[in-house]
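Analysis of the macromolecular model
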Amino acid sequence: NSTYDLNFINAANAAIEEFLTAVNALEKKTDMQRLEEAIAAAEAVLNNVSSAAFTEESWKAAQDALQAAKDLVAAGAVTAEQADKAIADLQNAVKGLSPSDAKLALDTVIETAQGMNTEEYTTSSWKAVEDALANALAVQGSVESTTEDYTNAVTAMMDAMGGLVKRGDTASLAKFVEQANANLA
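Residues numbered from 1 in each chain as written. Predicted model: local features only at pLDDT ≥ 70, side-chain atom pairs only at ≥ 80, totals over all residues. Heavy atoms only, no water.

Moving on to the overall build of the chain. When its secondary structure is counted, the chain shows seven helices and zero strands. Mapped in sequence order, the helices and strands of the chain form the string α-α-α-α-α-α-α. Here the chain holds 185 residues, and the buried ones make up 32% of them. Put simply, 83% of the contacts in the chain that link residues at least 6 apart link residues at least 24 apart. Carbon and sulfur atoms make up 53% of the accessible area of the chain, which totals about 10,800 Å². (Helix = DSSP H or I, 4+ residues; strand = E, 2+ residues; numbered from the N terminus. Buried < 20%, exposed > 50% of the residue type's maximum accessible area, 1.4 Å probe, protein only. Contact = heavy atoms within 4.5 Å. Areas by Shrake-Rupley, 256 points an atom, 1.4 Å probe, with all protein chains shown as cover.)

With 19 residues, helix H5 (residues 123-141) extends 26 Å between its outermost C-alpha atoms, agreeing within 8% with the 27 Å of an ideal straight helix rising 1.5 Å per residue. Within the sequence span of H5, burial applies to Ser125, Trp126, Val129, Ala132, Leu133, Ala136 and Val139. One side of H5 carries all its buried residues, which in axial view fall inside an arc of 130°. Across from the buried face of H5, at angles greater than 90 degrees, the exposed residues are Thr123, Ser124 and Gly141. Close packing links the buried residues of H5 with helix H4 (102-114) and helix H6 (147-162). (Expected span 1.5 Å × (residues − 1). Arc of directions from axis to C-beta.)

Here H4 crosses H5 at 140°, and the two axes come no closer than 10 Å. One finds that H4 runs oblique with respect to H5. Considering the relative orientation of H4 and H5, their crossing is left-handed. Together, Leu106, Asp107, Ile110, Ala113 and Gln114 of H4 and Trp126, Val129, Leu133, Ala136, Leu137, Val139 and Gln140 of H5 make up the contact between the two elements. Residue classes in the contact of H4 with H5 are distributed as nine nonpolar, two polar and one charged. (Axes fitted to C-alpha atoms, helices over the stretch in contact; angles between N-to-C directions. Parallel < 35°, antiparallel > 145°, perpendicular 65-115°, else oblique. Left-handed = near helix turned anticlockwise from the far one by under 90°. Nonpolar A, V, L, I, M, F, W, Y, C, P; charged D, E, K, R; others polar.)

Topologically, Asn117 is positioned in the loop between H4 and H5. As a C-alpha pair, Asn117 and Ala44 span 73 residues in sequence and 9.9 Å in three-dimensional space. Here Glu119 takes part through its backbone nitrogen, which lies 3.0 Å from a polar atom of the side chain of Asn117. (Polar contact = N/O pair within 3.5 Å; in protein donor to acceptor, adjacent residues only side chain to side chain.)

Attention now goes to the packing of aromatic side chains. Per the stated rule, a full pass over the model turns up two aromatic pairs. Measuring from ring centre to ring centre gives 6.2 Å for Phe54 and Trp59, while their planes differ by 15°; the resulting arrangement is stacked. No difference in accessibility class separates Phe54 from Trp59, as the two residues are buried. Between Tyr121 and Trp126 the ring centres are 6.1 Å apart and the planes differ by 15°, which places this aromatic pair in the stacked class. You'll find Tyr121 and Trp126 in the same group, each marked buried. (Phe/Tyr/Trp six-rings, centres within 6.5 Å; stacked < 30°, edge-to-face > 60°.)

What follows concerns the confidence of the model for the chain. Overall, the prediction assigns the chain a mean pLDDT of 81, with 74% of residues at 70 or greater. For the chain, per-element mean pLDDT is lowest for helix H7 (residues 170-184), which scores 58, and highest for helix H2 (residues 56-75), which scores 94. (pLDDT = per-residue confidence, 0-100.)

Note on placement: Ser58 falls in helix H2. At 2.9 Å, the side chain of Ser58 and the backbone nitrogen of Ser98 are in polar contact. Setting aside its immediate chain neighbours within four residues, Ser58 contacts Gly96, Leu97 and Ser98.

Listed below in structure tokens is the structure:
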């Protein structure tokens with residue numbers, strides 16, 4: 001029956017179109033989620049360290065990058081390119097915080113890292129923080145540490161914390177797959 005075949009083809013095409021629309025929505029959501037997670041990670045660092053521990057210029061750059069990322073989220077629609085740029089700018093600004101007082105900055109970033117919830121981040125990204133923290137604690141505990149040692153430890157800590165990646169939301173992905181399967185059934 002050609003009518004049945006045409007109805008079946010139309011239904012299949014509609015299901016495919018619905019699937020593609022859902023995938024596009026998921027991609028946009030993913031870009032927005034990635035940006036929101038980068039903002040949350042930056043805020044976890046910036047809200048828990050003293051601006052006095054860093055140079056005014058580097059602190060302002062980090063705050064400006066954070067605000068630019070928040071503005072992009074507030075706009076509502078984010079392309080992959082915009083999200084990638086905002087995330088990179090934010091991570092670079094956080095990593096680029098320059099200590100004004102290396103010892104104070106190291107004390108501050110150690111305290112911040114020790115107060116973070118490890119369960120919120122991927123194992124591999126948290127491992128980088130643990131390694132940098134172990135080194136930072138060694139520098140902090142040594143009477144032989146130089147200003148350069150402190151500065152290097154702060155830089156390593158900021159790099160590691162700036163690279164933290166939030167754990168994924170597998171429940172959302174499972175729900176999406178379930179919907180896609182239902183549409184194809």
